[in-house]
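Coordinate inspection notes
Residues per chain, in single letters:
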Amino acid sequence: EIGYGLIPLVDVNQGGNLLERISGIRKQLATELGIVVPPIRIRDNVRLRPNEYQIKIKGIRIGGTELILDHLLAINPGFVTDKLDGFDTKDPAFGMEATWILPAFREVAEARQFTVVEPSAVLATHLTEIIRTAAPEILTRQDVRHLVDTLKEDYPALVDSIIPEILPLGTLHKILQGLLSERIPVRDLATIVETLSDYIPVTKDTDVLTEYVRMALKRQISELYKDSNEKINVFTLDPAVEQKLADSVQSTRQGLMLVLDPAITDTLLRRIGEHVERMQNAGLTPVAICSPNIRLALRRLVESTHPSLAVVSYNEMVSTVELVSMGTVRLSDDN
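Residues numbered from 1 in each chain as written. Predicted model: local features only at pLDDT ≥ 70, side-chain atom pairs only at ≥ 80, totals over all residues. Heavy atoms only, no water.

Some thoughts on the nonpolar core
Where a protein is soluble and globular, its nonpolar side chains tend to be buried together. Heads up, the rule is: We call a set of buried residues a nonpolar core when its members are Ala, Val, Leu, Ile, Met, Phe, Trp, Tyr or Cys and they connect through side-chain atoms within 4.5 Å of each other. Partly exposed describes any residue whose relative accessible area lies between the buried limit of under 20% and the exposed limit of over 50%, with all areas from a 1.4 Å probe on protein chains only and scaled to the type maximum. Secondary structure is summarised from DSSP: a helix means a run of H or I of at least four residues, a strand means a run of E of at least two, and numbering begins at the N terminus for each. By definition, residues are in contact when any of their heavy atoms lie within 4.5 Å.
Ranked by size, the top nonpolar core spans 66 residues in total, and within it Ile163, Leu172, Leu176, Leu179 and Ile192 carry the most contacts. It is helix H4 (residues 119-138) that provides the largest number of residues to this core, a total of nine residues. Excluding its chain neighbours within four sequence positions, the residues that come into contact with leucine 172 are Val144, Val148, Ile163, Leu167, Ile192 and Leu196. By size, the runner-up hydrophobic cluster in this structure holds 21 residues, among which are Ile272, Val276, Ala288 and Leu309.

Re the packing of H4 against helix H7 (residues 169-181)
This is how it is decided: Every angle, taken between N-to-C directions, lies between 0 and 180 degrees, and every axis is a line fitted to C-alpha atoms, over only the stretch in contact when it is a helix. Any angle from 65 to 115 degrees is called roughly perpendicular, while one under 35 is roughly parallel, one over 145 is roughly antiparallel, and all others are oblique. Definitions for this section: a left-handed crossing has its near helix turned counterclockwise from the far helix by less than a right angle. A right-handed crossing has that turn clockwise. Classification used: nonpolar for Ala, Val, Leu, Ile, Met, Phe, Trp, Tyr, Cys and Pro, charged for Asp, Glu, Lys and Arg, polar for all others including Gly.
One can describe the packing of H4 onto H7 by two numbers: an axis separation of 8 Å at closest approach and a directional angle of 165°. On the basis of their axis angle, the class for H4 and H7 is roughly antiparallel. As H4 runs across H7, the sense of the crossing is left-handed. On the side of H4, the interface is formed by Arg132, Ala135 and Pro136, while H7 contributes Gln177, Leu180 and Ser181. The residue makeup of the contact of H4 with H7, split by class, is three nonpolar, two polar and one charged.

Observations concerning the packing of aromatic side chains
Keep this limit in mind: Any two rings among Phe, Tyr and Trp, with Trp reduced to its six-membered ring, count as a pair given centres within 6.5 Å; such a pair is stacked if its planes are under 30 degrees apart, edge-to-face if over 60, and tilted if neither.
Inspection of the entire model under this criterion finds one aromatic pair. When the centroid spacing of 3.8 Å and the interplanar angle of 5° are considered together, the rings of tyrosine 199 and tyrosine 212 count as stacked. With tyrosine 199 in helix H8 (residues 189-199) and tyrosine 212 in helix H9 (residues 206-216), this pair connects stretches of sequence that are 13 residues apart. The partly exposed category is assigned to tyrosine 212, whose relative accessible area is 29%.

What about the side chain of threonine 195?
By the element assignment, threonine 195 lies in helix H8. Threonine 195 gets classed as buried once you look at its relative accessible area, which sits at 8%. With near-sequence residues (within four places) excluded, threonine 195 lies in contact with Tyr212, Val213 and Ala216.

Comments concerning the side chain of aspartate 238
Position of aspartate 238 among the secondary structure elements: in the loop between strand E7 (231-237) and helix H11 (239-248). Residue class for aspartate 238 comes out buried when judged on its relative accessible area of 19%. Beyond its immediate stretch of four places on either side in the chain, aspartate 238 contacts Thr328, Val329 and Arg330.

Notes on the pairing of strand E3 (residues 72-75)
To be explicit about the condition: Criterion used throughout: strands pair if DSSP finds at least two bridges between them.
Side-chain alternation along E3 places Leu72 and Ala74 on one buried face and Leu73 and Ile75 on a second face that is also buried. Pairing between E3 and strand E5 (residues 97-101): four bridges, direction antiparallel. The residue bridging leucine 72 from the neighbouring strand is isoleucine 101, located in E5. Bridge count between E3 and strand E6 (residues 115-117): three bridges; the pairing is antiparallel. By the bridge assignment for E6, leucine 73 is matched with valine 117.

Concerning H9
The periodicity of an α-helix, 3.6 residues per turn, causes residues three or four positions apart to be oriented the same way. For clarity, the cut-off: Counting of polar contacts relies on pairs of N or O atoms within 3.5 Å, with two restrictions inside protein: one atom must be capable of donating a hydrogen and the other of accepting it, and residues adjacent in sequence are counted only when both atoms are side-chain atoms.
By the burial criterion, the buried members of H9 are Asp207, Leu209, Thr210, Glu211, Val213 and Arg214. The inward-facing, buried residues of H9 abut H7, H8, helix H10 (218-225), strand E9 (255-258), helix H13 (295-302) and strand E11 (310-313). You can read the cap of H9 off the contacts: a side-chain oxygen lies 2.8 Å from the backbone nitrogen of aspartate 207, and it is on aspartate 205.

Considerations on the pattern of salt bridges
Note the cut-off: For this analysis, a salt bridge means a side-chain nitrogen from Lys or Arg found within 4 Å of a carboxyl oxygen belonging to Asp or Glu.
The final tally for this structure, using the stated rule, is 22 salt bridges. Here glutamate 1 and lysine 56 are joined by a salt bridge, their closest N and O atoms 3.4 Å apart. In this pair, glutamate 1 is assigned in the segment before helix H1 (7-10) and lysine 56 in strand E1 (residues 52-57), connecting sequence segments 55 residues apart. For lysine 56, a relative accessible area of 38% puts it in the partly exposed group. A salt bridge links glutamate 316 to arginine 295; its shortest N-O distance comes to 3.5 Å. Here arginine 295 lies in helix H13 and glutamate 316 lies in the loop between E11 and strand E12 (322-329), a separation of 21 residues in the sequence. Overall, arginine 295 belongs to the buried group, its relative accessible area being 0%. Through salt bridges that share partners, Glu182, Glu211, Arg214, Arg295, Arg299 and Glu316 make up one connected network.

Re the environment of arginine 295
Here the alpha-carbon distance between arginine 295 and glutamate 211, two residues 84 residues apart in the chain, equals 8.8 Å. If sequence neighbours within four positions are ignored, arginine 295 has contacts with Glu182, Glu211, Arg214, Cys290, Val311, Val312, Ser313 and Glu316.

A few points about the sheet that holds E5
Judged by pairing direction, the sheet is antiparallel, and its four strands sit side by side in the order E4-E5-E3-E6 without closing on themselves. In this open sheet, the two edge strands, each paired with only one partner strand, are strand E4 (87-90) and E6. Ignoring which end each strand starts from, the neighbouring axes of this sheet average 30° apart. The strands that H4 touches are E3, E5 and E6; relative to E6, the one it contacts most, it runs at about 100°.

Focus: helix H5 (residues 141-154)
Note the cut-off: A helix's residues, less one, multiplied by 1.5 Å, set its expected span. This arc is taken over the directions from the axis of the helix to the C-beta atoms.
Here H5 contains 14 residues, and its C-alpha end-to-end distance of 21 Å stays within 8% of the 20 Å for a straight helix at 1.5 Å per residue. Within H5, the full set of buried residues consists of Asp143, Val144, Leu147, Val148 and Leu151. Looking straight down H5, one finds its buried side chains confined to an arc of 135°; they lie on one side. In H5, the exposed residues that point more than 90 degrees away from the buried face are Gln142 and Glu153.

Everything listed here is a matter of coordinates, which is why it stays silent on function.
Here's what the structure looks like:
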């Protein structure tokens, strides 16, 4: 939903390219994530401030902000200390420090290593990021049925041998949601279903099955976190921390969880946060690597406080990729 001041973004006669951008976003995310992104409707809302927009999923507001149409947004990548003349704000997609500047100052901002984007790109990037985050919620049981029907065209024996008698559609839906919740693409559905056909006779636990699938998708997962030098920057857990977490993993109604002393939890989250911040300030994607038996429980512990942190296990990395250690999380003060 957009305020009336943002209508020029949508009006092609006024040079608006938002509709074109949104069409591109749906195609991009379908290819990237492997799911069908439902139609995105744009409507004006007189209750919004003129330059405000809000993004809703199933009628619930997920995010939004105000744009300044005759300005550009200069986003600080995290390491620039210079200040720009303009209106200070935050980039709505990632929460980074930013400034609305006049177009005349674009070259100055870019020379100082700011990322400069147009208002329509700000909205489009925000929308893209929200869809990525909400992908598990967007994926419906009907969508899964459509994906399975498409898979059956190429792999009829695989699908007929397992779905739905051995692998119910609801179980597959939960597993795909689990993968998407950590931004793992589900486009290689054949590998996912083949892996499930191997392990579902052994266990019906969707958490455990999802971990097996992640290991089978190690090539995709490794590609997600490679930097420009084909290396993956990670921080690790001290062996004593790993052991304490392994001893604290419990199976609950919510799945595998860490049951720790609150003081230890606070210290652990603070120490992890320091590593996340250090990597982000260096322009790196924060990735924690740990043993497979604690990966899911650790991810659930950190997801609310450090949503940008990817938690992977050693079994999810291909042997040919080089891991670069950016530090080790310890509970003692010599960290």
